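Spelled out, the chains give:
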Amino acid sequence: MKKILTLTAVVVCLVVSTTASAQKFSGLDKSPMDVAAYPTSYKVSEKVAKVSYSRPQLKGRSIAELAPAGAVWRTGANEAVEVTFYTDVTFGGSAVKAGTYSLFTIPGANEWTVILNSKLNQWGAYSYDESADVVRVKGAVSKGTESLDAFSMAFKEGDKSADLVIGWGTVRVAVPVAATM
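Within every chain, residues take consecutive numbers counted from 1 along the sequence as written. Thresholds applied to this predicted model are a pLDDT of at least 70 for local features of residues and 80 or more for the giving and counting of side-chain atom pairs; totals over whole chains, interfaces and linings are not thresholded and use all residues. Remark: hydrogens and water are excluded; side-chain values derive from all non-hydrogen atoms of the structure.

Structural notes on the packing of aromatic side chains
Note on aromatic contacts: the rings of Phe and Tyr and the six-membered ring of Trp form a pair at centre separations within 6.5 Å, being stacked when their planes are under 30 degrees apart, edge-to-face when over 60 apart, and tilted otherwise. On inspection of all chains with the given rule, the structure shows nine aromatic pairs. A ring pair is formed by Trp73 and Trp168, whose centres lie 5.6 Å apart and whose planes are at 5°; its orientation type is stacked. Within this pair, whereas Trp73 is found in the loop between helix 2 (63-66) and strand 3 (81-85), its partner Trp168 is found in strand 9 (residues 162-179), the two being separated by 95 residues in sequence. Of the residues examined, Trp168 reaches a relative accessible area of 2% and is grouped as buried. Ring geometry for Phe151 and Trp168: centres 5.6 Å apart, planes at 85°, overall edge-to-face. Of the two residues, Phe151 is situated in strand 8 (residues 133-157) and Trp168 in strand 9; the sequence distance between them amounts to 17 residues. When a residue's accessible area, from a 1.4 Å probe over protein chains only, is under 20% of the maximum for its type it is buried; when over 50% it is exposed; and in between it is partly exposed. Take Phe151: its relative accessible area is 0%, and that puts it in the buried class. Secondary structure follows DSSP: runs of H or I at least 4 residues long count as helices, runs of E at least 2 residues long count as strands, and numbering of each begins at the N terminus.

Points about the layout of surface pockets
Cavity means a closed set of points on a 1 Å grid over the protein atoms alone, one where a 1.4 Å probe fits but cannot get out, pocket means an open set with protein on both sides within 12 Å along at least 5 of 7 lines, and lining means a residue has an atom within 4 Å of a point. Grid points are joined across faces, edges and corners, and a volume is the space filled by probe spheres set on the points. Roughly 270 Å³ of volume is contained in the largest pocket. Lining the largest pocket we find 16 residues, and of these Leu66, Trp73, Arg74, Gly76 and Ala77 sit closest to its centre. For the lining of the largest pocket, the per-class residue count stands at eight nonpolar, four polar and four charged. Each residue receives one of three labels: charged for Asp, Glu, Lys and Arg, nonpolar for Ala, Val, Leu, Ile, Met, Phe, Trp, Tyr, Cys and Pro, and polar for the others, Gly being one of them.

Considering unusual backbone geometry
The omega torsion across Tyr38 and Pro39 is -5°, close enough to zero to call that bond cis. Mapping Pro39 onto the fold places it in the loop between strand 1 (33-38) and strand 2 (49-54). The phi torsion at Lys59 lies on the positive side, around 45°, for a residue other than glycine. For Lys59, a relative accessible area of 57% puts it in the exposed group.

Digging into the pattern of salt bridges
What counts as a salt bridge is simple: a side-chain nitrogen of Lys or Arg found within 4 Å of a carboxyl oxygen of Asp or Glu. Per the counting criterion, the structure on display carries six salt bridges. Measuring nitrogen to oxygen at the nearest pair gives 2.8 Å for the salt bridge that ties Asp133 to Arg136. Salt bridges here are not isolated pairs; linked through shared partners, they connect Glu130, Asp133 and Arg136.

Spelled out as structure tokens, the structure:
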């Protein structure tokens, strides 16, 4: 009888441990997340800003199909972009307090409207609320020399400021960011 109880206990432990280790994980995201920070050097730990975003791919589609002109766009894929300012900044010439904001855009032919919004943890722009906008600034559209299939964001550093550059295909949109210390 003791052997049967011991054997039963061993079998139960094996079943439980097999079930626990058989955790299902989702596959790789087709629009992986990325981060851009300013200052861009990893050696500088005191950042002014950090942007977290997902990177959709064009894959033969046009930007107009994925980010229609004149409509609020999540600026990437999946969750709305979140930008954290670790200090007060000027963003496109407008004063913005330190904090974390959702970033949306309204694409246009010659300029994009870039929006900082106080509502966080949004999926796409489905629950975008204009009344939560902190600031709206304009970013001029320019043409890049290379075409980017993957949506990208980066900081292009100057002497005492940087431009947050949004790039996709050959479209480039820049918004100046400067700490106001």
